[in-house]
Amino acid sequence: MSSRLSCGRDFHCCPDIFVALDVAGKKGFDFVCLPLVNPRFKREFITGPAKNRKCALTRSDMCLSSQDWNSLVVGKVSPWLKLDSSHYNTRKNSELALKEELTWAAHLGLPAVLINLPSGNVSNLAQCISEQMIQSFHVQQYWIKVPMLSARDQCDDVIEGLDSPEDGHLQDDTWQWWNKFRLLCDTNKRLCLALELTGDLPSASVIDRWMSEPVKALVVSTSLFLTNKKGYPVLSKVHQNVIRKFFKLDIQVILSGQDRHKSIRAYQQYLEHLWQTQEPLDTVGQFAKGYEDFLQCPLQPLMDNLESQTYEIFEKDPFKYSQYQKAVYRALVDRIPLEDRDTEEVILMVVGAGRGPLVRASLAAAEEVGVKVKKLYAVEKNPNAVITLRNIQEEEWGDKVEIVSCDMREWSAPVKADIMVSELLGSFGDNELSPECLDGAQNYLKDDGISIPQKYTSFLAPLQSAKLYNEVRSFKPESGKPPEAIYEMPYVVRLHNSIILSDPKPCFTFEHPNRDEVIDNCRLESLTFDLEENCVVHGFAGYFESNLYKDVMLSIVPETHSPGMFSWFPILFPIKAPVSVDQGSQITIDIWRRCSSKNVWYEWAFHCGGQVSTIHNPKGRSYTIGL
């Protein structure tokens, strides 16, 4: 996040661009929003006395340097444009005028163009903007200005295209205006939101829904400000909280309206004060800084050997290892009665020992309980991590720890363990093949032995995030994979510009040791979610929670997230096409965990009303986890 707020000043008209920039700069603003063409300059391209008028469209591009146009100005299209008018001349003039203005904005190299989104029909506007985005090589953003809440009784005298009850409902939910427009434009990543803060605010769930959209700027009018005892502008607590909420998206603020207080600078200073007094990031937020909405392929530590840097990152998580130590401590207390702790010895095994943090946690727990460890076997398949383990053994552990350089499933243990400790969990619980690994190693556990973890459960929830959808579809499939492969693999991601649309529900559960006569780790679950608001489903977010031992837990489920733990980000199961869902509807996901002798993979599909998707990743054609 930037050290200071980027704040822009909106000008209704601009007789002198130098004066506007000079005044805005001296008042603390970073950029200005200016009309591309004089708002009163209506052009006639079809018929009319102005059709052949010979004059410059607007001021010269030589008024400013290219660098200033690129960094200091956001262009505003003319307010009189009616691209979806039912009158041919009005519509055609508006089309040609918009094209003229957008072409000029691209010529200037402006970073963004601000466009008011009308209610009602926007199909032709969407067509014109889409065409411009395809034709223009300049990567210019289009900031679509939408009010956060529509005033039902403050509509225009005539709203063209508003002639049905369904359109009347659209008039009330401004998100529906935006959603219709962006779907017509294929959710293009160059389409962003300039969300206008309104005097009345929608419900918390509606505001959260806006948080999942590509909001680049918040438009704040001076009319929203109150006056404090000293005569300075302030916002109500409710509006302050909403603005601070959107600050998490690293937005810019555009101040509109006339000066109603001592100085226009006072507004900018107040907004900067709100920015500077945000709550500091928590431990997880600090760790994840810079990784928000960054898609990563899930680790496959069974198939691939992790690098030193990866071990180092995860070893910095204090909560995870303190919970493991607590779990081993409680297991030892239950296993060895107090009166036997001077005489009995225990055998511990850490399978998947990595660079030794679980070994340290287990030895520390035994010392804390006062139990003698006869031997601790540290089993690790990564030969590079084994080098680290052997060095630590020489310097710290001695004969108490035996290093075993072997795949845990192939080792022949000389004795059986009282307690087997492992940390093979992935963001979806089982996606790093903990079930297969522990099923193969449990032969080395005594019949009454304890596995840590004892149980883990994956969770799923529907998710809305245009940002993540665009991130997924910007990828190119690997050579030899089908075009849809990018939608048929899970991604690990720190969710940020998104919203979870319904509470996560439990999916797959695994328990260890698994004493079933026939062990089958294939699974199928069908989960149905109620959706309270109109929304778009872009995929499903996955989490896990684990019982290490009894009530000693690890969790990345939002409601029960372990405090300060950052070792796991959620997992994302994308879908090929976004699903528009009406308020009060349900969506169901079917998800399979499939296994072969060489691979494990997931397949998933959904249905919502009459919409039914294909099965994603059939037979693991796009993504598998190697055994």
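Conventions used here
- Residues numbered from 1 in each chain as written.
- Predicted model: local features only at pLDDT ≥ 70, side-chain atom pairs only at ≥ 80, totals over all residues.
- Heavy atoms only, no water.
- Helix = DSSP H or I, 4+ residues; strand = E, 2+ residues; numbered from the N terminus.
- Buried < 20%, exposed > 50% of the residue type's maximum accessible area, 1.4 Å probe, protein only.
- Contact = heavy atoms within 4.5 Å.
- Areas by Shrake-Rupley, 256 points an atom, 1.4 Å probe, with all protein chains shown as cover.
- Lys, Arg positive; Asp, Glu negative; His and termini not counted.
- Charge placed at Lys NZ, Arg CZ, Asp CG, Glu CD.
- Phe/Tyr/Trp six-rings, centres within 6.5 Å; stacked < 30°, edge-to-face > 60°.
- Pairing = 2+ DSSP bridges.
- Axes fitted to C-alpha atoms, helices over the stretch in contact; angles between N-to-C directions.
- pLDDT = per-residue confidence, 0-100.
- Core = buried A, V, L, I, M, F, W, Y, C linked by side-chain atoms within 4.5 Å.
- Salt bridge = Lys/Arg side-chain N within 4 Å of Asp/Glu carboxyl O.
- 1 Å grid on protein atoms, 1.4 Å probe; cavity = no way out; pocket = protein on both sides within 12 Å on 5 of 7 lines; lining within 4 Å.
- Points joined across faces, edges and corners; volume = space filled by probe spheres on them.
- Nonpolar A, V, L, I, M, F, W, Y, C, P; charged D, E, K, R; others polar.
- Parallel < 35°, antiparallel > 145°, perpendicular 65-115°, else oblique.
- Left-handed = near helix turned anticlockwise from the far one by under 90°.

### A look at the overall build of the protein
Helix and strand content of the protein: 16 helices and 27 strands. With the C-alpha coordinates of the protein rotated into their principal frame, the extents come out at 105 × 55 × 45 Å. By residue count, 53% of the 627 residues in the protein fall in the buried class. Looking at the protein alone, contacts between residues at least 24 apart form 79% of all its contacts between residues at least 6 apart. Total accessible area on the protein is roughly 28,700 Å²; 49% of this is exposed by carbon and sulfur atoms. Where the 67 positive side-chain charges of the protein centre and where its 81 negative ones centre are 7 Å apart.

### Some details on the environment of Val-379
Residue placement: Val-379 occurs in strand β12 (residues 372-380). A C-alpha to C-alpha distance of 20 Å links Val-379 and Leu-332, two positions 47 residues apart in sequence. For Val-379, the residues in contact, after removing those within four places along its chain, are Val-350, Val-351, Gly-352, Ala-353, Val-404, Cys-406, Met-408 and Trp-411.

### Side note on the packing of aromatic side chains
Applying the stated criterion across every chain, the model contains 17 aromatic pairs. Summarising the aromatic geometry, the rings of Phe-247 and Trp-275 are spaced 4.8 Å apart at their centres and angled 70° between planes, so their arrangement reads as edge-to-face. Here the residue Phe-247 occupies a position in helix α8 (residues 237-247), and Trp-275 occupies one in helix α9 (residues 264-276), the gap between them amounting to 28 residues. In this structure Phe-247 comes out as buried when scored by relative accessible area, which is 0%.

### Overview of the sheet that holds strand β7 (residues 215-221)
Strand order in the closed barrel formed by eight strands is β1-β2-β3-β4-β5-β6-β7-β10, with parallel pairing between adjacent strands. Looking at each pair of strands side by side, their axes are set apart by 30° on average, direction ignored. As defined by bridge partners, strand β2 (residues 31-35) adjoins strand β3 (residues 73-76) across four bridges and the pair is classed as parallel. Bridge pairing links Leu-34 to Gly-75 in β3. This element, helix α1 (residues 17-26), spans β1 (7-10) and β2 of the sheet and lies at about 150° to β2.

### Observations regarding the confidence of the model for the protein
Taken over all residues, the pLDDT of the protein has a mean of 92, while the share at 70 or more is 96%. Throughout residues 153-171 the model reports pLDDT below 50, and contacts reaching past four residues in sequence, or to other chains, amount to 18 contacts.

### Observations regarding the sheet that holds strand β14 (residues 417-422)
The five strands lie next to each other as β13-β12-β11-β14-β15, forming an open sheet whose pairing is parallel. Edge positions in the sheet fall to β13 (401-405) and β15 (445-452), since each of these pairs with one other strand and no more. Between one strand and the next, the sheet's axes are offset by a mean angle of 20°, whatever the strand orientation. Bridge count for strand β11 (residues 345-351) against β14 is four bridges, and the pairing is parallel. Among the inter-strand pairings, Met-349 is bridged to a residue of β14, identified as Met-420.

### Regarding the nonpolar core
If you look at the biggest cluster of nonpolar residues, it comprises 108 residues, and the most contacted ones within it are Ile-452 and Phe-540. Per-element tally for this core: the top contributor is strand β21 (residues 535-549), with eight residues. The residues contacting Phe-540, other than those within four sequence positions of it, are Leu-460, Ala-461, Pro-462, Leu-463, Phe-529, Ile-571, Leu-572, Phe-573, Ile-575, Ile-587, Ile-589 and Phe-606. Core analysis: the second largest hydrophobic core is formed by 74 residues, Ile-115, Tyr-142, Leu-249 and Val-536 among them.

### Section: unusual backbone geometry
The amide bond that connects Ile-452 to the next residue, Pro-453, takes the cis arrangement and shows omega of 10°. Within the secondary structure, Pro-453 sits in the loop between β15 and β16 (455-464). Here the amide bond leading from His-512 into Pro-513 is cis, since omega sits at -5°, within 30 degrees of zero. Position of Pro-513 among the secondary structure elements: in the loop between β19 (505-511) and β20 (523-530).

### A word on the pattern of salt bridges
One pass over the structure, following the stated rule, counts 25 salt bridges. When the shortest N-O distance is used, the salt bridge between Lys-26 and Asp-22 registers 3.2 Å. Note that Lys-26 and Asp-22 are positioned in helix α1 at a spacing of four residues, about one turn of the helix. Judged by relative accessible area, which is 62%, Lys-26 ranks as exposed. Overall, Asp-22 belongs to the partly exposed group, its relative accessible area being 40%. Between Arg-621 and Glu-488 there is a salt bridge, and its shortest N-O distance comes to 2.8 Å.

### What to know about the pairing of β2
The side chains of a regular strand alternate between the sheet's two faces. Counted residue by residue, β2 has five buried out of five residues, so it is predominantly covered. Neither face of β2 is exposed, since Phe-31, Cys-33 and Pro-35 on one face and Val-32 and Leu-34 on the opposite face are all buried.

### Topic: empty space enclosed by the protein
Using the criterion set out here, one finds three cavities of 30 Å³ or more in the structure. Roughly 60 Å³ of internal volume is contained in the largest cavity. Around the largest cavity, the lining residues are Leu-34, Pro-35, Leu-36, Thr-58, Arg-59, Trp-69, Val-73, Gly-75, Trp-104, Leu-108 and Leu-110. Listing elements by their share of the lining of the largest cavity, those giving two or more residues are β2, β3 and α3 (88-108). Partitioned by chemical class, the residues of the lining of the largest cavity number eight nonpolar, two polar and one charged. Quantified by volume, the second largest cavity comes out at close to 40 Å³. Along its surface, the second largest cavity is lined by Leu-463, Ser-465, Leu-468, Tyr-469, Val-472, His-538, Leu-572, Pro-574 and Ile-575. For the lining of the second largest cavity, the secondary structure elements donating two or more residues are α16 (466-473) and β23 (571-581). For the lining of the second largest cavity, a count of residues per class yields seven nonpolar, two polar and no charged.

### Structural notes on the packing of α3 against helix α4 (residues 123-135)
Relative to each other, α3 and α4 sit at 30°, their axes nearing to 11 Å. Judged by the inter-axis angle, α3 sits roughly parallel to α4. Classified by chirality, the crossing of α4 by α3 is right-handed. In contact with Arg-91, Glu-95, Leu-98, Lys-99, Leu-102 and Thr-103 of α3, α4 contributes Asn-124, Leu-125, Cys-128, Ile-129, Gln-132 and Gln-135. Its residues placed into classes, the contact of α3 with α4 shows five nonpolar, four polar and three charged.

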